[in-house]
Amino acid sequence: FKAKPSGLIAGEKRVRALMAELLKSYGEPMRELAEALPASDAGDADGASFVHFVQPQLIDGSAVREVFDALYAAWQNDARVEFAYKNQQRRVEPAAAVVRSGRYYLVGRDVEKGRDGWRTFAMDLIGPPIRRVGTFARKPAPAKYLSTDTIGFFKGDGQRRTVAVTFSKALAASAASRKWQDAQKIRTNPDGTITISFDVDDAGEVVRWALGFGDEAWVSAPPAVVESARELLDRIRRRYDR
């Protein structure tokens, strides 16, 4: 430390600049957290930052921002909340907010589902008004609901199953270079394609994700999920046939 204080100080500045850049990339309300960081010189001597993050950003003053603020305030006060979600009234004990692909989710315990009634609620589907209905003793959400897995984010009560997605030769190296899920398994095929297997609660999540790669990726197992992908493609095709 005594030998290189200037190097440590420069390293701290770069880390704080990187943190601010990451938080700002998510828009509101993460931008406020970035602004609360101690003032920092830029990431490098010339004021430039090498790493930048591009994310869909939550707009200040939007409906989702208002939902976030109401839930955050309830969480700070250990308050249960009641709101409409998918045409049902839910009483929920808020535990955490998760930002995934620019979309905000609430992790909380659905009171009507009992002690193990942990659920994930998309904030853009939570209907106003959000009312406070009593208080509760705050408890941390189960670890699986706060997992950093990109695939397998959605949790359910059903049995988990393995779904395989095959990537074209052109995308094989790119797909294999990323950890989409801790439990993923990657197999290299003789034709140069790769197949990645995921253990998930919601197979539809994998189908929707695979379709995001166009014709460079396709669900390859099990047969029931392959058929679900075909059915979804048919519905998409009918949209464009109108």
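Residues numbered from 1 in each chain as written. Predicted model: local features only at pLDDT ≥ 70, side-chain atom pairs only at ≥ 80, totals over all residues. Heavy atoms only, no water.

## Some remarks on the packing of aromatic side chains
So, point 1. In total, this model carries 14 aromatic pairs according to the counting rule given.
So, point 2. Taking the centre distance of 5.2 Å and the plane angle of 80° together, the rings of F167 and F213 count as edge-to-face. In this pair, F167 is assigned in strand β6 (residues 161-167) and F213 in the loop between α5 (203-211) and β9 (217-221), connecting sequence segments 46 residues apart.
So, point 3. Accessibility expressed as a relative area gives 0% for F167, which makes it buried. (Phe/Tyr/Trp six-rings, centres within 6.5 Å; stacked < 30°, edge-to-face > 60°. Helix = DSSP H or I, 4+ residues; strand = E, 2+ residues; numbered from the N terminus. Buried < 20%, exposed > 50% of the residue type's maximum accessible area, 1.4 Å probe, protein only.)

## Here we look at a nonpolar patch on the surface
So, point 1. There is a patch of nonpolar side chains on the surface, built from L18, F50 and V51 and spanning about 330 Å² of accessible area.
So, point 2. In this fold, V51 is placed in the loop between α2 (30-36) and α3 (63-76).
So, point 3. By relative accessible area, which is 35% here, V51 ends up partly exposed. (Patch = residues over 30% accessible without salt bridge, like charges linked within 9 Å, V, L, I, M, F, W, Y side chains within 5 Å. Areas by Shrake-Rupley, 256 points an atom, 1.4 Å probe, with all protein chains shown as cover. Salt bridge = Lys/Arg side-chain N within 4 Å of Asp/Glu carboxyl O.)

## Some points on the sheet that holds strand β2 (residues 88-100)
So, point 1. Taken in spatial order, the five strands line up as β4-β3-β2-β1-β5 in an open sheet, and their pairing is antiparallel. The open sheet has two edge strands with one neighbour each: β4 (118-122) and β5 (126-135). The mean inter-strand angle of the sheet, taken between neighbouring strand axes irrespective of direction, is 45°.
So, point 2. Note that β2 and strand β3 (residues 103-110) share eight bridges and pair antiparallel. Paired with P94 across the strands is G108, a residue of β3.
So, point 3. Docked against the sheet, α3 engages β1 (79-85), β2, β3 and β5, running at close to 5° with respect to β5. (Pairing = 2+ DSSP bridges. Axes fitted to C-alpha atoms, helices over the stretch in contact; angles between N-to-C directions. Contact = heavy atoms within 4.5 Å.)

## With respect to the sheet that holds β6
So, point 1. Reading across the sheet, the four strands line up as β7-β8-β6-β9 and stay open at both edges, with antiparallel pairing between neighbours. For this open sheet the edge positions go to β7 (185-188) and β9, each flanked by a neighbour on one side alone. Pairs of neighbouring strands in the sheet enclose a mean axial angle of 30°, with direction left out of account.
So, point 2. Sheet topology places β6 next to strand β8 (residues 194-200); seven bridges connect them, and they run antiparallel. For A164, the partnering residue across the bridge sits in β8 and is S197.
So, point 3. Against the sheet, helix α4 (residues 169-176) makes contact with β6, β7 and β8, and its axis sits at roughly 50° relative to β8, the strand it touches most.
So, point 4. Set on the sheet, α5 makes contact with β6, β8 and β9; between it and β6 the angle comes to about 10°.

## Thoughts on the pattern of salt bridges
So, point 1. Under the definition given, this model contains 15 salt bridges.
So, point 2. Across the pair R103 and D124 runs a salt bridge whose closest N-O atoms are separated by 3.0 Å. Residue R103 is found in strand β3, and its partner D124 is found in the loop between β4 and β5; the two are separated by 21 residues along the sequence.
So, point 3. For R103, a relative accessible area of 31% puts it in the partly exposed group.
So, point 4. Residue class for D124 comes out partly exposed when judged on its relative accessible area of 41%.
So, point 5. Sharing partners across several salt bridges, the network here consists of D60, R65 and D69.

By themselves, these are just geometric observations and shouldn't be taken as functional.
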